[in-house]
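# Inside the fold
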Amino acid sequence: MASTAPSHRVPIANSMHHLPAGSVAVRQTNPNARIELTIGVRRKKDLPELASLEQTAPAKRQYMTRKELRDVHGSDPTAVDRIKAFASAHGMTVLREDPCAARLTLAGAVDDVASAFDVKLFDYKHPTLGEFHARVG
């Protein structure tokens, strides 16, 4: 198991989630199972508002290139480095970096992920969604 989670936790705005109605907890998720999670990363610069495009005909719009998206609005390198260090310190690895979308995909044992984020993971069943994992905490 990775190092003990620090006690100076800061809740992330809008990180609360609600289980879909009808979800039933089946069991606590196997602590040795591997799990992947995608983390949003702070951008270098906020994305521009798209509302102004509504007033412009599609043929006359200026569209951002993928390179511009990555170079100007992509993942903040300092934030990426901090997340990578956090992941490594908690026994997780980085599977994917997507600087344009400002996301990192991490993987690790359920026990390490739960400890790193101070949560408990449970397996749920839902009549139409099927089986899924969700956190408590």
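Details of the structure are given in the entry above.
In this report, we go over the structure that sits alongside the text. (Residues numbered from 1 in each chain as written. Predicted model: local features only at pLDDT ≥ 70, side-chain atom pairs only at ≥ 80, totals over all residues. Heavy atoms only, no water.)

### Topic: the overall build of the protein chain
Keep this limit in mind: Numbered from the N terminus, helices here are DSSP runs of H or I no shorter than four residues, and strands are runs of E no shorter than two. Throughout, the radius of gyration refers to the C-alpha atoms, and the reference size of a globule is 2.2 Å times the residue count to the power 0.38. Note on exposure labels: buried denotes an accessible area under 20% of the residue type's maximum, exposed denotes more than 50%, and partly exposed covers the range between, all computed with a 1.4 Å probe on protein chains only. Residue contacts are defined here by distance: any two heavy atoms, one from each residue, within 4.5 Å place the two residues in contact. To be clear on the numbers: accessible area is Shrake-Rupley with a 1.4 Å probe, and residue cover counts the displayed protein chains and nothing else. Residues scored as charged are limited to Lys and Arg (positive) and Asp and Glu (negative), so that His and the chain ends carry no count. By convention, the charge on Lys lies at NZ, on Arg at CZ, on Asp at CG and on Glu at CD.
Secondary structure summary: the protein chain contains three helices and six strands in total. Secondary structure elements of the protein chain occur, N-terminal to C-terminal, as β-β-α-α-β-β-α-β-β. Its C-alpha atoms give the protein chain a radius of gyration of 19 Å, more than 25% over the compact-globule value 14 Å for 137 residues. Principal-axis analysis of the C-alpha atoms gives the protein chain an extent of 55 × 40 × 25 Å. Taking all 137 residues of the protein chain together, the buried fraction comes to 28%. The long-range share in the protein chain, meaning contacts at least 24 apart out of those at least 6 apart in sequence, stands at 71%. Of the roughly 9700 Å² of accessible surface on the protein chain, 54% is carried by carbon and sulfur atoms. Seen as two clouds, the 19 positive and the 15 negative side-chain charges of the protein chain have centres 2 Å apart.

### Side note on the pattern of salt bridges
Which entries qualify depends on this criterion: Only one rule defines a salt bridge in this text: a Lys or Arg side-chain nitrogen within 4 Å of an Asp or Glu carboxyl oxygen.
The full count for this structure, using the stated rule, is six salt bridges. Between Asp71 and Lys67 there is a salt bridge, with the nearest N and O atoms lying 2.5 Å from each other. Placement of the pair is Asp71 and Lys67 together in helix H1 (residues 66-73), with a separation of four residues, close to one helical turn. One network of salt bridges, with partners in common, ties together Lys67, Arg70 and Asp71.

### Comments concerning the nonpolar core
Rules: Working definition of a nonpolar core: buried Ala, Val, Leu, Ile, Met, Phe, Trp, Tyr and Cys residues. They are joined through side-chain atoms within 4.5 Å.
By size, the foremost hydrophobic cluster in this structure holds 16 residues, and its most contacted members are Val41, Ile83, Met92, Leu104 and Leu106. Contributions of two or more residues to this core are made by strand E2 (34-40), helix H2 (77-89), strand E4 (103-109) and helix H3 (110-117). Among all residues touching Val41, those that are not within four sequence positions of it are Ser75, Asp76, Ala79, Val80, Ile83, Ala102, Arg103 and Leu104.

### Some details on the sheet that holds strand E6 (residues 130-136)
Sheet strands pair via backbone hydrogen bonds, and the direction of the pair is either parallel or antiparallel. Quick reminder of the rule: By this definition, two strands are paired if DSSP reports at least two bridges between them. Lines fitted to C-alpha atoms define the axes, with helix axes restricted to the stretch in contact, and inter-axis angles between N-to-C directions lie between 0 and 180 degrees.
The strand order across the open sheet formed by three strands is E1-E5-E6, and the pairing between neighbours is antiparallel. What marks the edges here is a single partner per strand, and that holds for strand E1 (24-28) and E6. When the angles between neighbouring strand axes are averaged without regard to direction, this sheet yields 35°. Direction of pairing for strand E5 (residues 120-126) relative to E6: antiparallel, over a ladder of seven bridges. Directly across from His126, in E6, lies its bridge partner Gly130.

### Structural notes on H3
Counting buried positions along H3 gives six out of eight residues, so the element sits mostly inside the fold. Restricting attention to buried positions, one finds in H3 the residues Val110, Asp112, Val113, Ala114, Ser115 and Ala116. Each element contacted by the buried residues of H3 is listed here: E2, H2, E4 and E5.

### Considering H2
Short version of the rule: Multiply 1.5 Å by the residue count of a helix minus one, and that product is the helix's expected span. We define a polar contact as two N or O atoms separated by no more than 3.5 Å, with the added condition that, inside protein, one atom must be a possible hydrogen donor and the other a possible acceptor, whereas residues neighbouring each other in sequence contribute only through side-chain atom pairs.
Here H2 contains 13 residues, and its C-alpha end-to-end distance of 18 Å stays within 8% of the 18 Å for a straight helix at 1.5 Å per residue. Buried-residue contacts for H2 involve E2, strand E3 (93-98) and E4. Two or three places before Thr78, at the start of H2, stands the capping residue Asp76, its side-chain oxygen 2.8 Å from that residue's backbone nitrogen. Positive phi appears at Gly91, one or two residues downstream of H2, with a value of about 75°.

### Regarding the environment of Lys45
Here Lys45 shows up in the loop between E2 and H1. When the C-alpha atoms of Lys45 and Asp76 are compared, they prove to be 8.2 Å apart, with 31 residues separating the residues in sequence. Not counting residues up to four positions away in its chain, the partners in contact with Lys45 are Val72 and His73.

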